[in-house]
Amino acid sequence: MATNRNPRFKTSRRFGLNIYGHPKALKRQTADAHQKKQSEYGMQLAEKQKVKAIYNLLERQFYRYYDKARRMSGVVGENLLALLERRLDNIVYRAGFARSIRQARQMVNHGLISVNGKKVDIPSYSVQPGQVVSLRENYRSNEMFKQSFNELKTFDLPYIEKSFDNWSVTLTRIPLREELPYKDEVNETYIVELYSK
């Protein structure tokens with residue numbers, strides 16, 4: 001399986017966004033007074049690369065989501081973000097089971113996660129509203145997972161309901177664009193324009 005191995009801190013600094021949730025990711029971030037003005041294409045490309053980095057996806061995977069979003073009713077860009085947000089590895093990250101999207105994907109790959117009580121080891125699995133994502137019982141005594149789930153408050157999101165007693169989260173509904181954690185840092189319209197050319 002292809003893996004995105006781009007340097008995490010460099011990627012975060014490039015976009016001015018702490019994509020991987022590491023406390024030191026933006027430590028060396030500096031304002032560049034001589035930054036070149038980007039062309040329209042450059043801005044569109046940068047926006048696509050940013051969203052790909054947020055969800056830790058490669059180009060082929062990302063385009064498949066765009067193609068699916070394009071064929072759905074509604075606004076293409078908002079459809080795209082909602083599809084990405086519902087990926088199982090992302091829900092595991094948003095739940096607080098993992099401290100980064102990469103760690104979340106690894107947890108799913110290694111069979112630590114169940115959906116509605118059944119083990120699912122496919123990171124791209126699309127979680128549906130009402131489905132319950134939980135850490136499998138064998139791994140609940142792990143101190144790292146315990147600390148992350150109980151203490152990580154980075155994402156208190158209106159479409160994810162946590163149950164600390166059951167080590168689980170429920171996707172209550174399709175997330176709205178204005179509820180996403182990075183809503184102010186992303187312009188998905190640029191991505192749609194780029195792919196529409």
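Look above for the structure.
Counting restarts for each chain: residues are numbered from 1 in the order of the written sequence. Totals for whole chains, interfaces and linings use every residue, but because this is a predicted model, local features are given only for residues with pLDDT of at least 70 and side-chain atom pairs only at 80 or more, for both listing and counting. In computing side-chain values, all of the structure's heavy atoms are included and hydrogens and water are not.

### Description of helix H5 (residues 88–95)
The criterion, for reference: In this scheme, a residue with accessible area under 20% of its type's maximum is buried, one over 50% is exposed, and one in between is partly exposed, where area comes from a 1.4 Å probe on protein chains only. A run of DSSP states H or I qualifies as a helix once it reaches four residues; a run of E qualifies as a strand once it reaches two. Both are numbered from the N-terminal end.
In terms of residue burial, H5 counts as a mostly covered element, since 8 of its 8 residues are buried. Restricting attention to buried positions, one finds in H5 the residues Leu88, Asp89, Asn90, Ile91, Val92, Tyr93, Arg94 and Ala95. Backbone geometry just downstream of H5 places Gly96 in the positive-phi region, at approximately 100 degrees.

### Digging into unusual backbone geometry
Phi is positive for Asn56, which is not a glycine, with a value near 55 degrees. Residue placement: Asn56 occurs in the loop between helix H2 (40–54) and helix H3 (59–70). A positive phi is found at Trp167, a non-glycine position, where the angle reads about 55 degrees. You can see Trp167 is positioned in the loop between strand E4 (160–163) and strand E5 (168–171).

### Quick word on the pattern of salt bridges
Put simply, the test is: Here, a salt bridge means any Lys or Arg side-chain nitrogen found within 4 Å of an Asp or Glu carboxyl oxygen.
Applying the stated criterion to the full structure yields 11 salt bridges. A salt bridge links Arg177 to Glu188; the nearest nitrogen and oxygen atoms lie 3.0 Å apart. Of this pair, Arg177 sits in the loop between E5 and helix H8 (188–196) while Glu188 is found in helix H8, placing the two residues 11 residues apart along the sequence. Using a relative accessible area of 8% as the deciding quantity, one classes Glu188 as buried. One connected set of salt bridges, linked through shared partners, spans Lys48, Lys52 and Glu59.

### Comments concerning the packing of helix H4 (residues 76–85) against H8
For clarity, the cut-off: Only C-alpha atoms enter the line fits that serve as axes; for helices the fit covers just the stretch in contact. Angles between N-to-C directions range over 0 to 180 degrees. Each angle is binned into one of four classes, with values under 35 degrees roughly parallel, values over 145 roughly antiparallel, values of 65 to 115 roughly perpendicular, and all other values oblique. Should any heavy atoms of two residues lie within 4.5 Å, those residues are counted as being in contact. Three classes are used, and their members are as follows: Ala, Val, Leu, Ile, Met, Phe, Trp, Tyr, Cys and Pro are nonpolar, Asp, Glu, Lys and Arg are charged, and the others, Gly among them, are polar.
At a minimum axis distance of 8 Å, the contact between H4 and H8 shows a crossing angle of 110 degrees. Viewed along their axes, H4 and H8 adopt a mutual orientation that is roughly perpendicular. Contacts between H4 and H8 pair Val76, Gly77, Glu78, Leu80 and Leu81 from the former with Glu188, Ile191 and Val192 from the latter. Considered class by class, the residues forming the contact of H4 with H8 number 5 nonpolar, 1 polar and 2 charged.

### Some thoughts on H4
With respect to burial, H4 is a largely interior element, 8 of its 10 residues being buried. Within H4, burial applies to Gly77, Asn79, Leu80, Leu81, Ala82, Leu83, Leu84 and Glu85. Packed against the buried residues of H4 are H2, H3, H5 and H8.

### Digging into the nonpolar core
The nonpolar side chains of soluble globular proteins are, as a tendency, buried together. Heads up, the condition is: Only buried Ala, Val, Leu, Ile, Met, Phe, Trp, Tyr and Cys residues count toward a nonpolar core, and they belong to the same one when joined by side-chain atoms within 4.5 Å.
Leu88, Val92, Phe97, Met107, Ile113 and Val133 are the most contacted members of the largest nonpolar core, which has 44 residues in total. No other element matches the 5 residues that H5 contributes to this core. Not counting residues up to four positions away in its chain, the partners in contact with Leu88 are Val108, Ile113, Val115, Val120, Ile122, Pro123, Tyr125, Val127 and Val133.

So far we have only geometry, and geometry alone does not tell us how the molecule works.
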